[in-house]
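# Chain and residue survey
Residue strings, one per chain:
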Amino acid sequence: QQPVQSPQAVILREGEDAVINCSSSKALYSVHWYRQKHGEAPVFLMILLKGGEQKGHEKISASFNEKKQQSSLYLTASQLSYSGTYFCGTEKGGSNYKLTFGKGTLLTVNP
Amino acid sequence: EADIYQTPRYLVIGTGKKITLECSQTMGHDKMYWYQQDPGMELHLIHYSYGVNSTEKGDLSSESTVSRIRTEHFPLTLESARPSHTSQYLCASSELGPIENQYFGPGTRLLVL
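So, here's what we can say about the structure. Everything numeric in this text was worked out from a predicted model, so none of it was measured.

The next subject is the interface of chain B and chain A. Counting residues at the interface gives 23 residues for chain B, matched by 22 residues for chain A. With both sides pooled, the region where chain B packs onto chain A buries about 1900 Å², and carbon together with sulfur makes up 57% of that total. Put simply, chain B and chain A have two salt bridges between them. Put simply, chain B and chain A have five residue pairs in polar contact (both at pLDDT 80 or more) between them. Every element with two or more residues in the side of chain B that touches chain A is listed here: β4 (31-37), β5 (44-51) and β9 (87-94) of chain B. Here the side of chain B that touches chain A takes four residues from β4 of chain B, the largest share from any one element.

Listed below in structure tokens is the structure:
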């Protein structure tokens, strides 16, 4: 079952914060976050595990709410380099480690 | 740094032709994947493999086939290309395990006329 990402798109000015959400109707084992810049391949950001703690990557962090089956990606003091499409990939556990990706959130950071 | 390669990067071909998209990785990863992605859209898993002689179909039905004869090599073949196959094809690999991140290749952009 494909996870639902929100918002679909967000426009920021440099230095502003943003939150991207990823929700599933199924129990999740892990949530993976990737960023894809235009014309490039997706690049891994972080993994959130069931029962795990909030993870961080530079000024990007994420959390995993098991009760809601939702993960949130927090971008703090955004930089121009943060622009791109953010995808969450969810893994149900027992699914042979396949990821199902959401439709993505297009983030644009302007000067 | 990830070492995963795809060739060709761009391919324009006529309907009915047989094509093979190449994917190779030098990281010794057991798991490899093929995704299909239309511009601005999500990634759809079409094939994956856990190792040599292991191949499985993904969530999105595809007319393509794959093989895994060597650990480092995971080619995708279309026996008869059609315009509906026009898309970007991304190859990825990861170590074997439940929480391993995937490394993506640069992709092949396929246009079938």
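Next comes the rest of the write-up.
This next bit is on the nonpolar core. Generally speaking, nonpolar side chains in soluble globular proteins are found buried as a group. Among the nonpolar cores identified, the biggest contains 21 residues, and V31, W33, L73, L75, Y86 and L107 of chain A are the most heavily contacted of them. Mapped onto this core, the elements with two or more residues apiece are β2 (9-13), β3 (18-23), β4 (30-36), β5 (43-49), β7 (60-65), β8 (70-75), β9 (84-91) and β11 (105-110) of chain A. When sequence neighbours within four positions are dropped, the list of residues in contact with L107 of chain A reads V10, L12, A18, L75, Y82, S83, G84 and Y86 of chain A. Ranked by size, the runner-up nonpolar core spans 18 residues in total, among them L11, I13, I46 and V66 of chain B.

Attention now moves to the layout of surface pockets. In this structure, the largest pocket spans a volume of roughly 530 Å³. Along its surface, the largest pocket is lined by 27 residues, and T85 and F87 of chain A together with P39, G40 and M41 of chain B are the ones closest to its centre. Elements supplying a minimum of two residues to the lining of the largest pocket: β1 (4-6), β9 and β11 of chain A.

Counted by the stated rule, this structure contains two cavities of 30 Å³ or more. Size it by volume and the second largest cavity reaches roughly 30 Å³. Taken together, G39 of chain A together with R9, Y10, Q88, P106, G107 and R109 of chain B form the lining of the second largest cavity. When its residues are assigned to classes, the lining of the second largest cavity shows two nonpolar, three polar and two charged.

Reading guide: rules and limits
- Residues numbered from 1 in each chain as written.
- Chains lettered and ligands numbered in written order.
- Predicted model: local features only at pLDDT ≥ 70, side-chain atom pairs only at ≥ 80, totals over all residues.
- Heavy atoms only, no water.
- Contact = heavy atoms within 4.5 Å.
- Buried area = accessible area lost by both parts, 1.4 Å probe.
- Salt bridge = Lys/Arg side-chain N within 4 Å of Asp/Glu carboxyl O.
- Polar contact = N/O pair within 3.5 Å; in protein donor to acceptor, adjacent residues only side chain to side chain.
- Helix = DSSP H or I, 4+ residues; strand = E, 2+ residues; numbered from the N terminus.
- Core = buried A, V, L, I, M, F, W, Y, C linked by side-chain atoms within 4.5 Å.
- Buried < 20%, exposed > 50% of the residue type's maximum accessible area, 1.4 Å probe, protein only.
- 1 Å grid on protein atoms, 1.4 Å probe; cavity = no way out; pocket = protein on both sides within 12 Å on 5 of 7 lines; lining within 4 Å.
- Points joined across faces, edges and corners; volume = space filled by probe spheres on them.
- Nonpolar A, V, L, I, M, F, W, Y, C, P; charged D, E, K, R; others polar.

Without other data, these values stay purely geometric and don't point to any function.
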